[in-house]
Amino acid sequence: MSGILGVTLRGMEALPVEAEVEITGGLFAISIGGMPDVAVKESKERVRAALRSLGLNLKGRITVNLAPSDIPKEGALLDLPIALGMMKSMGTIKDFPRALFMGELALDGRLRRVRGAVPAAFLARKMSIPLYVPAENASEVALVQGVEAYYADNLAELVMMITGEEKPRPVPPAYIPDLPVNVETDFADIKGQSAAKHAAEIAAAGHHNLLLVGSPGSGKTLIAKAMAGILPPLTDDELVETLLVRSTLGLEMKPGRERPFRTVHFTASTVSVCGGGSNLRPGEVSLAHRGVLFLDEYTEFKRELTESLRAPIEDGEISLSRASGSVKYPARVLLVLAANPCACGYAGDPVIHCKCSQADIERYRRKLSGPIMDRIDLHVQVPRLTPEELLSFAARKQPENSASIRERVVRARKIQAERWKEYGFVCNAEIPEKLVQKCLTLDDSSRSYLVMMSEKLNFSGRGLSRILKVARTIADLSGDENIEKKHLADAMMYRQFYGRS
Ligand SMILES: [Zn+2]
């Protein structure tokens, strides 16, 4: 007895599953074995109704076995192979191509969109066999190069393709050009704030984590949001990684190379941010993979949540586990945090008086410390402008726009990708600790300058590494081959406000 091949998902990986069907005489009953979850068990009714829509009535005792039996089977994506397995067993279809089939069946036989089509396409490519998917999944499968894939709207159409009564409808491969980014918040519309804008540019160029501290109305949230418009385009590999996450969640694919930009509110649950739940789905930190995860009003976040972000921020991936096993999801995010300078919000403000006592301020600053803060490369203050400053900025020429900042960022990213290719990473923030000394060398005068400043400002070893990485990005932005004193000085400027770790 040979079955029909379908897939199930383990994390972002698709695994082949064989649906074997045996029909014997006796009273009508369907049983499904082989560790199916509730959704798979419910497929009995959907499959039965869908087959009835083709004029096929199931009779007798029907046993469906999903092999291998030691892998848990999840979701409705096995409807199609189960239905085809029944048709094979009934003799309705004699010859089946060796292929992967996936899709949920509606009661009228329509094929419904399923999650996991991108991982399934990778599996089909690896197995060198075709993949059949619901029409609604075709656009995402099209983004996987080198896979032979076909799509159908409903079961009847798919059957006619298999039997040769109708020509198969191949999924045409799609190539994604680097379209200009649709800039929603432009840096040209933000007055002043040159230090913060420069920090945002460095962060985007080297994928460095950034903290923006400023009073309400200073524009820190605006600066964070404007970062979306200066991020470099996703490379082919990065595009595939982000596709895998979205496909695993069953989310629509965006047809561009724009990096993800995900904003998390402080009321968000740890599961929604880090992933998990009974089905071990990825969370916001994985949806933001290769892009920005923005935490506004950072000091309002619960400790539990920020603690659980520590590992993914450090490792670039997140492990989730439950009794039946554990899965890993990618989570290489550029973390952007925004916070007020004190509890009342106006410490250091030129106009409004801060109402906090020294003890209040110290208590507040402690919230701005801890495991996440140790992983922030750039700290920058975003002062509220006085009315006088606003007027004088308005009189001056327009600030640089996001498109032109993005050009520099893209150039700097290319230099980094080329430099780190042999090490297997793409940007300066990714340089592992053990390679910092080896890969980020300084000439004698820059070295003694860094040593002198480090003694003066009491930087830790990790703090020094961060300065070196940021200085490397600053040098890349200006196209300089070596890290020089001026790059180091610039990098240090962004580490002096909050914690010198
Ligand atoms: Zn205050």
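Residues numbered from 1 in each chain as written. Predicted model: local features only at pLDDT ≥ 70, side-chain atom pairs only at ≥ 80, totals over all residues.

Undergrad: What am I meant to see in the pairing of strand S3 (residues 29–33) here?
TA: Every other side chain in a regular strand lies on the same face of the sheet, so the side chains alternate between the two faces. Burial along S3 is one-sided: the residues Ile 30 and Ile 32 are buried and none of Ala 29, Ser 31 and Gly 33 is. In terms of strand pairing, S3 meets strand S4 (residues 61–67) through five bridges, oriented parallel. Within S4, the position partnered with Gly 33 by the bridge is Asn 65. Viewed along the sheet, the connection from S3 through helix H1 (residues 38–53) into S4 turns out left-handed. (Buried ≥ 20, exposed ≤ 12 C-beta atoms within 10 Å, placed from the backbone. Helix = DSSP H or I, 4+ residues; strand = E, 2+ residues; numbered from the N terminus. Pairing = 2+ DSSP bridges. Right-handed = clockwise from strand over helix to strand, strands pointing away.)

Undergrad: Hey, could you run me through the sheet that holds strand S15 (residues 334–339) in this one?
TA: Think of a sheet as strands paired side by side through backbone hydrogen bonds, with each pair either parallel or antiparallel. In space, the five strands of this open sheet follow the order S11-S12-S15-S10-S16, with parallel pairing throughout. At either end of the open sheet lies a strand with only one pairing partner, and these are strand S11 (261–264) and strand S16 (378–381). Across the sheet, the mean angle separating the axes of adjacent strands is 15 degrees when strand polarity is ignored. With four bridges joining them, strand S10 (residues 210–213) and S16 adopt parallel strand pairing. Paired with Leu 212 across the strands is Val 380, a residue of S16. The strands that helix H6 (residues 194–206) touches are S10, S15 and S16; relative to S16, the one it contacts most, it runs at about 160 degrees. (Axes fitted to C-alpha atoms, helices over the stretch in contact; angles between N-to-C directions. Contact = placed C-beta atoms within 7 Å.)

Undergrad: Got a minute to help me understand the domain arrangement of the chain in this structure?
TA: Frequently, the measure chosen for interface size is the accessible area removed from exposure when the parts meet. According to the domain assignment, the chain consists of domain 1 (4–163) and domain 2 (187–430). Centre-to-centre, using C-alpha coordinates, domain 1 lies 41 Å away from domain 2. Listed as interface residues are 15 residues of domain 1 and, on the opposing side, 13 residues of domain 2. Looking at the side of domain 1 that touches domain 2, the elements with two or more residues in it are strand S1 (4–10), helix H3 (117–127) and helix H4 (138–141). A total of three residues in the side of domain 1 that touches domain 2 trace back to one element, the largest contributor, which is H3. (Domains from an automatic or database assignment.)

Undergrad: Where do I start with the nonpolar core in this structure?
TA: Most often, soluble globular proteins keep nonpolar side chains buried together rather than apart. One finds Ala 83, Ala 121 and Val 141 to be the most contacted residues of the largest nonpolar core, which totals 129 residues. Residue contributions to this core reach at least three from each of two domains, namely domain 1 (4–163) and domain 2 (187–430). (Core = buried A, V, L, I, M, F, W, Y, C linked by C-beta atoms within 7 Å.)

Undergrad: Explain the pairing of strand S12 (residues 292–295) to me, please; I cannot follow it from the model alone.
TA: Residue alternation in S12 divides its side chains into two sets, Val 292 and Phe 294 and Leu 293 and Leu 295, and both sets are buried. Sheet topology places S12 next to S15; four bridges connect them, and they run parallel. Bridge pairing in S15 places Phe 294 opposite Val 336.

Undergrad: I'm lost on the environment of Val 292 in this one. Help?
TA: Along the polypeptide, Val 292 turns up in strand S12. On the neighbour-count criterion, Val 292 (24 C-beta atoms within 10 Å) is buried. Val 292 sits 19 residues away from Ala 311 along the chain, and the two C-alpha atoms are 17 Å apart. For Val 292, the residues in contact, after removing those within four places along its chain, are Met 227, Ala 228, Arg 259, Phe 261, Val 333, Leu 334 and Val 336.

Undergrad: Looking at this structure, I do not really get helix H11 (residues 303–315). What am I missing?
TA: Taking 1.5 Å per residue as the helical rise, H11 with its 13 residues ought to reach 18 Å, and the 19 Å between its terminal C-alpha atoms agrees with that figure. The principal kink in H11, of about 25 degrees, is found at Leu 309, preceding the proline Pro 312 by one to four residues. Looking only at H11, the buried set comprises Thr 306, Leu 309, Pro 312 and Ile 313. One or two positions beyond H11, positive phi appears at Gly 316, with a value near 75 degrees. (Expected span 1.5 Å × (residues − 1). Bend = angle between axes of the 7 residues up to and from the residue.)

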